[in-house]
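Chain by chain, the residues:
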Amino acid sequence: MARDVELVLFRVVQESLTNIQRHSGSQRAKIRIHRNSELTLEISDLGHGLSASAQRGKDEPRFQVGVGIPSMQERVKLIGGRLEIDSTNHGTSVRVTIPLGENEREKTSHSDR
């Protein structure tokens, strides 16, 4: 996998685990990586979820956030990926999806051997 992709994934995991530890109230986190035509990284917890914005307009962010989530979004966007955050009062899931070109699929399949 390309170094820039590895670094982005590392930073997303790092930021997500920091947020879980600081804000979620959850004692556990789950990290999953799945690879087929794209790579999907998911970090989830069973905490109380992100605080929803009380009043928000159409173009306002879904959650009150600091710099961590926008930073993750920008990093993922720079490598052609997509960041999704789903949060309820039963937990939060951060999902990164990155399309894999033919070269990346070959590299990761060789590293599995």
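Residues numbered from 1 in each chain as written. Predicted model: local features only at pLDDT ≥ 70, side-chain atom pairs only at ≥ 80, totals over all residues. Heavy atoms only, no water.

If you walk across this open sheet you meet the 4 strands as S1-S2-S4-S3, and the pairing is antiparallel. Each edge of the open sheet carries a strand with a single partner, namely strand S1 (29-35) and strand S3 (82-88). For this sheet, the mean angle separating the axes of adjacent strands, direction not counted, is 10°. Relative to strand S4 (residues 91-99), strand S2 (residues 38-45) runs antiparallel, the two being bridged by 7 bridges. When the bridges of S4 are listed, Leu39 appears paired with Ile98. Running over the sheet, helix H1 (residues 3-24) touches S1, S2 and S4 and is turned about 15° from S2. The strands that helix H2 (residues 68-78) touches are S3 and S4; relative to S3, the one it contacts most, it runs at about 145°. (Pairing = 2+ DSSP bridges. Helix = DSSP H or I, 4+ residues; strand = E, 2+ residues; numbered from the N terminus. Axes fitted to C-alpha atoms, helices over the stretch in contact; angles between N-to-C directions. Contact = heavy atoms within 4.5 Å.)

Glancing now at the pairing of S1. Pairing of S1 with S2 involves 7 bridges; the strand directions are antiparallel. Residue pairing for S2: Ile33 is matched across the bridge by Leu41. The antiparallel pairing of S1 with S2 creates a hairpin that spans 2 residues between the two strands.

As a further point, take the confidence of the model for the protein chain. Mean pLDDT for the protein chain: 82, with 76% of residues reaching 70 or above. When the criterion is pLDDT under 50, residues 52-58 qualifies, and its contacts beyond four places in sequence or with other chains add up to 9 contacts. (pLDDT = per-residue confidence, 0-100.)

Before going further, it helps to examine H2. Listed in full, the buried residues belonging to H2 are Gly68, Ile69, Met72 and Val76. Projected onto a plane normal to the axis of H2, the buried residues spread over an arc of 95° and lie on a single side. Within H2, the exposed residues directed more than 90 degrees away from the buried face are Lys77 and Leu78. Where H2 is buried, its residues contact H1, S3 and S4. (Buried < 20%, exposed > 50% of the residue type's maximum accessible area, 1.4 Å probe, protein only. Arc of directions from axis to C-beta.)

Relative to the helices and strands, Thr97 resides in strand S4. Distance from Thr97 to Arg82, taken between C-alpha atoms, is 5.2 Å for residues 15 residues apart in sequence. With near-sequence residues (within four places) excluded, Thr97 lies in contact with Glu38, Leu39, Thr40, Gly81, Arg82 and Glu84.

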